[in-house]
Amino acid sequence: MLNTLKNRFEQGYRTCAYPNEKPAVFDRYRGKPMVQKGVAAEIVEQCAKACPQDAIDVGQKKIDMGRCVFCGACERISNGEFVKFTKDFEISTSQKSHLLTDGNLPALARHSKQHFKRLFGRSLQLRQVSAAGCNACEADLNVLATPFFDLARFGINFVASPRHSDGIVVTGPVSRNMRTALLQTYEAIPSPKVVIAVGSCTITGGPFCGSPEIAEGLDTILPVDLFIPGCPPHPLTNLHALLTFFK
Amino acid sequence: MSNAFLEVSNGEAIAREKIVHLPFNAFQENALSIVKQGGKVVQYFGYKDQASIKLMAVLRTDKLLVATCDAPESYPSFTQICEPFHLFEREIAEQFGIRPEGHPWLKMVRYHPNYRDLPDVFGNDYTKDIPGNYAYYQVDGDEIHEVAVGPVHAGVIEPGHFRFNCIGERVLHLEIQLGYQHRAVENLLQGVQAKRLPILAENIAGDTTIGHGLCMAQAVEALTGVQPDNGAQVIRTIALELERLANHIGDLGALSGDVAFLPPANYFGRIRGDFLNLALLLCGNRFGKGLVRPGGVRFPLSDDIRKTLDERIKELKPQVEHVLELLFSASTVRTRFEDCGTVSTHDADRLGLVGPAGRASGLPYDARRCFPAEAYGRIEIPENKKTSGDVYARAKVRYDEVLQSIHIIQSLIWAPIETECVETGSFDLSPSSFVVTVNEAWRGEVSHVMVTDETGAILRYKVKDPSFHNWNGLSMALRDTGISDFPLNNKSFNLSYCGFDL
């Protein structure tokens, strides 16, 4: 007993102050990409050629965050002349097309659906379906339940049954073998319901693009309300998206 | 032991003409004799070479041994004599339509049509898209009931189907059917541009990013004749140990949660995140994605990073030690962990378990000690002591390894190293070559094989996650165990679904 109390004392209070204060992330973190103004077309082309995800639109000089895995290759080979990855983790969007960006993202709060805020602003119960990713997105959704993030303090929880939920959070590129299970889970959720796509796999197929076994984009199967990009999205990216879109 | 297989080193490029190509009977005889005398299967797979299909086996004793043969359309199953071939034979049947006659349980692995448009060995109709659409093993009797769980589980976890045959609370048999996450990773690895190779390898199993990333990088390095510098090796070793730390600590927290001892569950949940953040400190990603590339690493260990890493580890170490003590000294925890889900050394050996699950059952194998790569040649990896094969032993192995990993990282942080960072580019693999790489990731032995054709294109890329060996260990642990202890046992193995499903 004494040991338990001693440990409790040592652990202290660990919950972050987000959204009131932004917690610091280490310098090498790659968040929102900012395309540099006036970059030469040939540099953009070089970056596009080197991009493992073919996520760079040369004509528009933009990056598709839905395809991007935030490896930072373009920043490195262009010495930051084409793009710099900032430490800004607030990168989610309500439209897939907004993910193709030069770094100026529309404010998520203004694009959220007002009836969702009314319905779910004080209590949001979500069912998660893992559909063929690498389990990193799941892991960084799971950490939202740890004391540092403490998602439940906002009235948001992951629940066991789709019958108890207001929406579905999907991770992974939806393999052929998971499609039926995903659709059945979606069907089981009472309407009105929310669909959230987490991670580049879910949004575009991500690293698995080109495989005949996957769907290239959850939006080809279900109507998606919220897109959270990343490989995987940082837990704070997830937290920002949920709080901004629903609160 | 004399045999016809060729002895190779971990990560050594071998000209394919040097690999012994045996007549099938000799291949079978040699492979079985090696495994019967205690050898283990690292890889056993089929591949298409021009018009013919070949089989390749990589076995391990205290050496790595390799041989090939022409694949017959059917053959007497090796599994009848040696269990460690069980899943490998099913995988070959699924991928290439080659039937192992007399296989004790011939069913699909990942539920997809074979690569040769041959009639399906399992008689599946793949226009029906449910892997679980199959007659599960059944136990007959008045009192028997079945429990079906998944593919969608109650938590935020990966999909898979578990079918329990129970009498009352007691599990007589657990059948595990995976394949829901099949993404055709091996085929992608064989077909994509070089620049995508590292990204794909890192996404085979995100919690084993460094483990799979290293296997890929070492294979490419072998076939391009590039040697990563000493600094890169140190950084990669630190990254692999950070990955082990984060996952082991997360597992211990989850185990604590499953016996309803909540303080360590919460503390370890948070501390795990702190270790993930240290991976982010190194390379900008909490899972280490983007760090390891063929030729070295993409990020140096600057003095700032060293200092922060050192400080954070110094701060975390006593916390970890105290929570470990809290968890392991609680009698309520001991009562639940001990004698729960025991896998005997005999069973573990015959199933070919690897990693912490194998070590907990008395199989000391650790690739870091037996086939050291990166900086492991200079690091002593002690054998674990607790080998009772139960949940307690699987937890205790993690306890020990957590402390070892912290020690390893601390011993490397200030190593006077410099490294030339690399960026992914294109590379030319040496033609008609073979390489096998083996690394001890946190779940156990990860292995990749790369075989190139005469133009240097990848003819076969074979991936094996440690979970491929260990899922049957979980089934075995559940025999005669209360079904309510399933979550506890499942966490004590904590296997990868996506690493298995590929």
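The following paragraphs examine the structure supplied in this document.

### Details of the sheet that holds strand β2 (residues 14-15) of chain B
All names here are of chain B.
Reasoning step 1: If you trace the 4 strands from one edge of the open sheet to the other, you get β2-β14-β15-β16, paired in antiparallel fashion. Of all strands in the sheet, those with a lone pairing partner are β2 and β16 (458-464), marking the two edges.
Reasoning step 2: The strands touched by helix α5 (residues 209-224) within the sheet are β14 (433-441), β15 (444-452) and β16, with β14 carrying the most contacts at an inclination of about 150°.

### Regarding the interface of chain A and chain B
Reasoning step 1: Contacts between the two partners involve 65 residues from chain A, matched on the other side by 70 residues from chain B.
Reasoning step 2: Taking both sides of the interface into account, the surface hidden between chain A and chain B amounts to around 5,300 Å²; carbon and sulfur atoms contribute 54%.
Reasoning step 3: Interface area lost by chain A to chain B is led by A:Phe26, A:Arg28 and A:Asn177, which between them contribute 16%.
Reasoning step 4: If you look at where chain A meets chain B, you find 3 salt bridges.
Reasoning step 5: Notably, a salt bridge pairs A:Asp54 with B:Lys195, separated by 3.0 Å at the nearest N-O pair.
Reasoning step 6: Residue assignment for the side of chain A that touches chain B shows that the elements contributing at least two residues are α1 (2-11), α2 (41-50), α3 (73-77), β6 (124-130), α6 (136-142) and α7 (179-188) of chain A.

### A look at the packing of α5(B) against helix α6 (residues 230-258) of chain B
Residue and element names in this part refer to chain B.
Reasoning step 1: Contact geometry of α5 with α6 gives a least axis separation of 9 Å together with a crossing angle of 150°. Regarding the angle of α5 to α6, the classification is roughly antiparallel. Seen from α5, the contacting residues are Thr-209, Ile-210, Gly-211, Leu-214, Ala-217, Gln-218 and Glu-221; seen from α6, they are Arg-236, Ala-239, Leu-240 and Glu-243.
Reasoning step 2: Classifying every residue of the contact of α5 with α6 by side-chain character gives 5 nonpolar, 3 polar and 3 charged.

### Quick look at the pattern of salt bridges
Residues and elements named next belong to chain B.
Reasoning step 1: Summed over all chains, the structure comprises 44 salt bridges over all chains.
Reasoning step 2: Arg-359 is the partner of Glu-440 in a salt bridge, and the nearest nitrogen-oxygen pair spans 2.9 Å. Here Glu-440 is found in strand β14, whereas its partner Arg-359 is found in helix α11 (residues 355-360), with 81 residues between them in sequence. The same class applies to Glu-440 as to Arg-359, namely buried.
Reasoning step 3: With a shortest N-O distance of 2.2 Å, Glu-445 and Lys-464 are connected by a salt bridge. Of this pair, Glu-445 sits in strand β15 while Lys-464 sits in strand β16, placing them 19 residues apart in sequence.
Reasoning step 4: Overall, the relative accessible area of 1% leaves Glu-445 in the buried class.
Reasoning step 5: Connected via shared salt-bridge partners are Glu-241, Arg-244, Arg-359, Asp-366, Arg-368, Glu-401 and Glu-440.

### What about the side chain of A:Thr171?
Residues and elements named next belong to chain A.
Reasoning step 1: Relative to the helices and strands, Thr-171 is located in strand β8 (residues 167-171).
Reasoning step 2: For Thr-171, a relative accessible area of 1% corresponds to the buried category.
Reasoning step 3: Here the side chain of Thr-171 touches Glu-138 through a polar contact of 2.9 Å, side chain to side chain.
Reasoning step 4: Excluding its chain neighbours within four sequence positions, the residues that come into contact with Thr-171 are Gln-128, Val-129, Ser-130, Ala-131, Ala-132, Cys-137, Glu-138, Leu-141, Val-198 and Thr-202.

### Focus on the sheet that holds strand β2 (residues 56-57) of chain A
Through backbone hydrogen bonds, the strands of a sheet pair up, either in parallel or in antiparallel fashion.
All names here are of chain A.
Reasoning step 1: Across the sheet, 3 strands lie side by side as β2-β3-β5; this open sheet has antiparallel pairing. Looking along the sheet, the strands with just one partner apiece sit at the ends: β2 and β5 (100-101).
Reasoning step 2: When strand β3 (residues 62-64) meets β5, the two strands line up antiparallel, connected through 2 bridges. Note that in β5 the partner of Ile-63 across the bridge is Thr-101.

### Re the layout of surface pockets
Residue and element names in this part refer to chain B.
Reasoning step 1: The space that makes up the second largest pocket amounts to roughly 720 Å³.
Reasoning step 2: Together, 31 residues line the second largest pocket, and His-86, Arg-90, Trp-105, Leu-351 and Asn-472 are the ones closest to its centre.
Reasoning step 3: Within the residue set of the lining of the second largest pocket, elements represented by two or more residues are α2 (86-96), β11 (170-177), α10 (345-351) and α14 (467-478).
Reasoning step 4: Here the lining of the second largest pocket gets 6 residues from one element, more than from any other, and that element is α14.
Reasoning step 5: Its residues assigned to classes, the lining of the second largest pocket comprises 16 nonpolar, 8 polar and 7 charged.
Reasoning step 6: Shared between two domains, the lining of the second largest pocket holds at least three residues of each, these being domain 1 (6-101) and domain 2 (192-464).

Calculation criteria
Residues numbered from 1 in each chain as written. Chains lettered and ligands numbered in written order. Predicted model: local features only at pLDDT ≥ 70, side-chain atom pairs only at ≥ 80, totals over all residues. Heavy atoms only, no water. Pairing = 2+ DSSP bridges. Helix = DSSP H or I, 4+ residues; strand = E, 2+ residues; numbered from the N terminus. Contact = heavy atoms within 4.5 Å. Axes fitted to C-alpha atoms, helices over the stretch in contact; angles between N-to-C directions. Buried area = accessible area lost by both parts, 1.4 Å probe. Salt bridge = Lys/Arg side-chain N within 4 Å of Asp/Glu carboxyl O. Parallel < 35°, antiparallel > 145°, perpendicular 65-115°, else oblique. Nonpolar A, V, L, I, M, F, W, Y, C, P; charged D, E, K, R; others polar. Buried < 20%, exposed > 50% of the residue type's maximum accessible area, 1.4 Å probe, protein only. Polar contact = N/O pair within 3.5 Å; in protein donor to acceptor, adjacent residues only side chain to side chain. 1 Å grid on protein atoms, 1.4 Å probe; cavity = no way out; pocket = protein on both sides within 12 Å on 5 of 7 lines; lining within 4 Å. Points joined across faces, edges and corners; volume = space filled by probe spheres on them. Domains from an automatic or database assignment.

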